Amino acid sequence: MSMKAVFLEQDGALTDDNGGHANPRCITLCSGAGPALRLLARLDYRFFVVSNQDGVAHGHFAEAALEPVRHRLADLLFREQLGLDGFYYCPHHPDGRIAAYALDCLCRQPMPGLLLKAAREHDIDLQASWMIGAILHDIEAGNRAGCRTVLIDSGNETEWRLGRHRLPTRVVSDLCAAADVIAAADTARP
Ligand SMILES: [Zn+2]
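Residues numbered from 1 in each chain as written. Predicted model: local features only at pLDDT ≥ 70, side-chain atom pairs only at ≥ 80, totals over all residues.

## A short note on the overall build of the chain
The criterion, for reference: Numbering of helices and strands runs from the N terminus; a helix is a DSSP stretch of H or I covering at least four residues, while a strand is a stretch of E covering at least two. Note on method: radius of gyration uses C-alpha positions; expected globular size equals 2.2 Å times residues raised to 0.38. Here exposure depends only on C-beta density: within 10 Å of a residue's C-beta, 20 or more other C-beta atoms make it buried, 12 or fewer make it exposed, and intermediate numbers make it partly exposed, the C-beta atoms being placed from the backbone. What counts as a contact here is a pair of residues whose C-beta atoms, placed from the backbone, lie within 7 Å.
Regarding its fold elements, the chain presents six helices and six strands. Starting at the N terminus and walking to the C terminus, you meet the elements of the chain as β-α-α-β-α-β-α-β-α-β-β-α. For the chain, the C-alpha radius of gyration of 16 Å lies close to 16 Å, the compact-globule estimate for 190 residues. Split into buried and exposed, the 190 residues of the chain put 39% on the buried side. Contacts spanning at least 24 positions in sequence make up 63% of the contacts within the chain whose residues lie at least 6 apart.

## Side note on the domain arrangement of the chain
This is how it is decided: Domain extents, as shown, originate in an automatic or database domain assignment.
Taken as a whole, the chain is organised into domain 1 (15-44 + 59-79) and domain 2 (88-125). Between the C-alpha centres of domain 1 and domain 2 the distance comes to 19 Å.

## Focus on helix α2 (residues 33-42)
As a reminder of what qualifies: The arc in question is traced by the directions running from the helix axis to the C-beta atoms.
Residues Ala33, Ala36, Leu37 and Leu40 constitute the buried set of α2. Around the axis of α2, the buried residues are gathered within 85° of arc, so they sit on the same side. Counted as exposed and oriented over 90 degrees from the buried face of α2: Pro35 and Arg42. In this structure, the buried side of α2 is in contact with β1 (4-9), α1 (10-14), β2 (45-52) and α6 (175-187).

## So, the sheet that holds β2
Adjacent strands of a sheet pair through backbone hydrogen bonds, lying either parallel or antiparallel. Let me state the cut-off plainly: By this definition, two strands are paired if DSSP reports at least two bridges between them. Axes, fitted as lines to C-alpha atoms, cover a helix only where it is in contact. Angles between the N-to-C directions of the axes lie from 0 to 180 degrees.
Across the sheet, six strands lie side by side as β3-β2-β1-β4-β5-β6; this open sheet has parallel pairing. Strands at the two margins of the open sheet, each flanked by one partner only, are β3 (86-90) and β6 (170-172). The mean angle between the axes of side-by-side strands here comes to 20°, regardless of whether they run parallel or antiparallel. Sheet topology places strand β4 (residues 130-133) next to strand β5 (residues 148-152); four bridges connect them, and they run parallel. Note on β5: the bridge partner recorded for tryptophan 130 is arginine 148.

## Let's talk about the pairing of β4
Under the convention used in this document: Note on handedness: a crossover is taken as right-handed if, strands pointing away from the viewer, the path from the first strand over the helix to the second is clockwise.
On β4, burial covers both faces: Trp130 and Ile132 on one face and Met131 and Gly133 on the other are all buried. As paired elements, β1 and β4 share three bridges and run parallel to each other. By the bridge assignment for β4, phenylalanine 7 is matched with methionine 131. Viewed along the sheet, the connection from β4 through helix α5 (residues 136-145) into β5 turns out right-handed.

## Looking at the pairing of β1
Of all the six residues making up β1, five are buried; the element is thus mostly covered by neighbouring parts of the structure. In this sheet, β2 lies alongside β1 in parallel orientation, the contact comprising six bridges. In the sheet register, lysine 4 faces β2, and the bridge partner there is tyrosine 45.

Put into structure tokens, the structure is as follows:
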């Protein structure tokens, strides 16, 4: 049977936005993340972290630096009795300085490539899944993948460029409220 996923944009949705993408020791979970995600785990959702990591393409850090980030996230979640089922990132940027990563790809959000890849690799039912993001690019990626979407409006989005694919299913103020929205929709399903 295929699984239900909650895709979490790393910065601003799951972790505090500290600008220290590639420094694992600076990564901390948003307050309330543990109870919020345990609620969803009890409803059989699995957790996938997704992020644009264009610092790789720009030469700010090597792709290998993301492995300790994955470890750190898995460790933080483990301490909350939670599992991390996948960590997917896009290392590309069309204007990148590092030739191997300087390309137009389908995995850089707002494109949905990361979610589609995770779905293929883990047999995820995207229609039964959710994307939680902090900016409209995340929401667009989730909508394009066929998920429902929750925008955590914590001030990260500054442009509010709306358009096709960019309307979230719900807008909330924090991860706890996002989990409540998903849990309520889940229990209301026939
Ligand atoms: Zn990419």
